[in-house]
Amino acid sequence: MILYTTGTGNSQSVAVRMAEMLDDKAVAVDYETSRVEARDEKRLIFVMPVHSWGPALFMMRFVRRCTFDKRYTEAWAVFVCGDNCGNADKIFAKALKKKGIRLVAAYSVQMPNNYILMKGFGIDDAELAKEKIANSELRVSQIVAAIQGHADDSVPMYTRGTKAWLKSGVVYPLFARMAVKRVRFRTTDACVSCGLCEAVCPTHNIRLVNGRPVWGKDCVQCVACIHRCPKRAIEYGDVSVDMGRYVHPDLQQNLHFVKTKDTQNTENE
Ligand SMILES: Cc1cc2nc3c(=O)[nH]c(=O)nc-3n(C[C@H](O)[C@H](O)[C@H](O)COP(=O)(O)O)c2cc1C
């Protein structure tokens, strides 16, 4: 089973491609699931974006909350980043270990950047985004080969970047504790009350009040709402005003976040 979470579709595209290649299923993790059943002999694989040089908080919550079938003793993780991952692998391995699961290997895939919540950042230009998406195809094949035991040892499979201990050991915990509480999203007059932001928010943190989204205090900064708004009607304070928006060209809205009671009712069955 390939469990994934995504903000803008990069991780979804990796998970879906891996599922095709491994003849497995890609399942978007949700807020309700508390137990993950092993349905067959297939592997347990996690695919998630890197946030602040750590695993996406929504996936961390999922792992902490869930009970995993005892047959799952091993897992693989794929970190989908814009540049590099720091020690996201080690943080995730620790969380899995508490569940009695050994992280066999971690891989990274570079995909277009989607961080637009702070000055100095922004999405990649169209050419770079296209190049990263094109390169990701080969990368995913390499990852699948490695998982199947045919790793090409000459290819580095995880991009840690520099000062990983600082980024993941200091910045990520700060992000987890503080940044997520600074919910500065707002809507502009372009909002047409379609409710997509409410539907795609993994933590159910957005409610439409008088037709306009209102954000609560449980944001994991997945940035789905701000990028996926079809009218570009969401801003983050004033920081995002001059920044572009991004979604993966193959994003399947209905695959991202469908509320299921357990992972057996997968949305792409
Ligand atoms: C809150 C936040 C923090 C991020 N931090 C990192 C990071 O530390 N390193 C990195 O390479 N990319 C970082 N990114 C970029 C994403 O990891 C990257 O764009 C990823 O492909 C998004 O995947 P998704 O479309 O599945 O959400 C960050 C994005 C967000 C929203």
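Note that the coordinates shown come from a computational prediction; the quantities given were computed from them, not determined experimentally.

*Asks:* I'm lost on the pairing of strand 7 (residues 74–81) in this one. Help?
*Replies:* Regular strands place their side chains on alternate faces of the sheet. Most of strand 7 is tucked away, with seven of its eight residues classed as buried. Pairing geometry for strand 4 (residues 45–51) and strand 7, over five bridges, is parallel. Within strand 7, the position partnered with Pro49 by the bridge is Val80. The β-α-β motif built from strand 7, the intervening helix 3 (residues 88–97) and the parallel element strand 8 (residues 102–110) has right-handed crossover chirality.

*Asks:* When you look at the packing of aromatic side chains in this model, what are you seeing that I'm missing?
*Replies:* Any two aromatic rings considered together are summarised by their centre-to-centre distance and by the angle between their planes. This structure, assessed with the given rule, holds 10 aromatic pairs. Three or more aromatic residues joined by ring pairs form one cluster here, namely Phe46, Phe62, Phe68, Phe79, Phe92 and Tyr158.

*Asks:* Honestly, the domain arrangement of the protein in this entry has me stumped. Any pointers?
*Replies:* One frequently used descriptor of interface size is the decrease in accessible area upon assembly of the parts. Taken domain by domain, the protein holds domain 1 (2–175) and domain 2 (180–236). Look at where the C-alpha atoms of domain 1 and domain 2 centre, and you get two points 24 Å apart. Taken together, the 15 residues of domain 1 in the interface contact 15 residues of domain 2. Together, the buried faces of domain 1 and domain 2 total about 1,400 Å²; carbon and sulfur atoms form 64% of this surface. Where domain 1 packs against domain 2, one counts one salt bridge. With a closest N to O distance of 2.9 Å, Arg61 and Asp218 form a salt bridge.

What counts as what
Residues numbered from 1 in each chain as written. Predicted model: local features only at pLDDT ≥ 70, side-chain atom pairs only at ≥ 80, totals over all residues. Heavy atoms only, no water. Buried < 20%, exposed > 50% of the residue type's maximum accessible area, 1.4 Å probe, protein only. Helix = DSSP H or I, 4+ residues; strand = E, 2+ residues; numbered from the N terminus. Pairing = 2+ DSSP bridges. Right-handed = clockwise from strand over helix to strand, strands pointing away. Phe/Tyr/Trp six-rings, centres within 6.5 Å; stacked < 30°, edge-to-face > 60°. Domains from an automatic or database assignment. Contact = heavy atoms within 4.5 Å. Buried area = accessible area lost by both parts, 1.4 Å probe. Salt bridge = Lys/Arg side-chain N within 4 Å of Asp/Glu carboxyl O.

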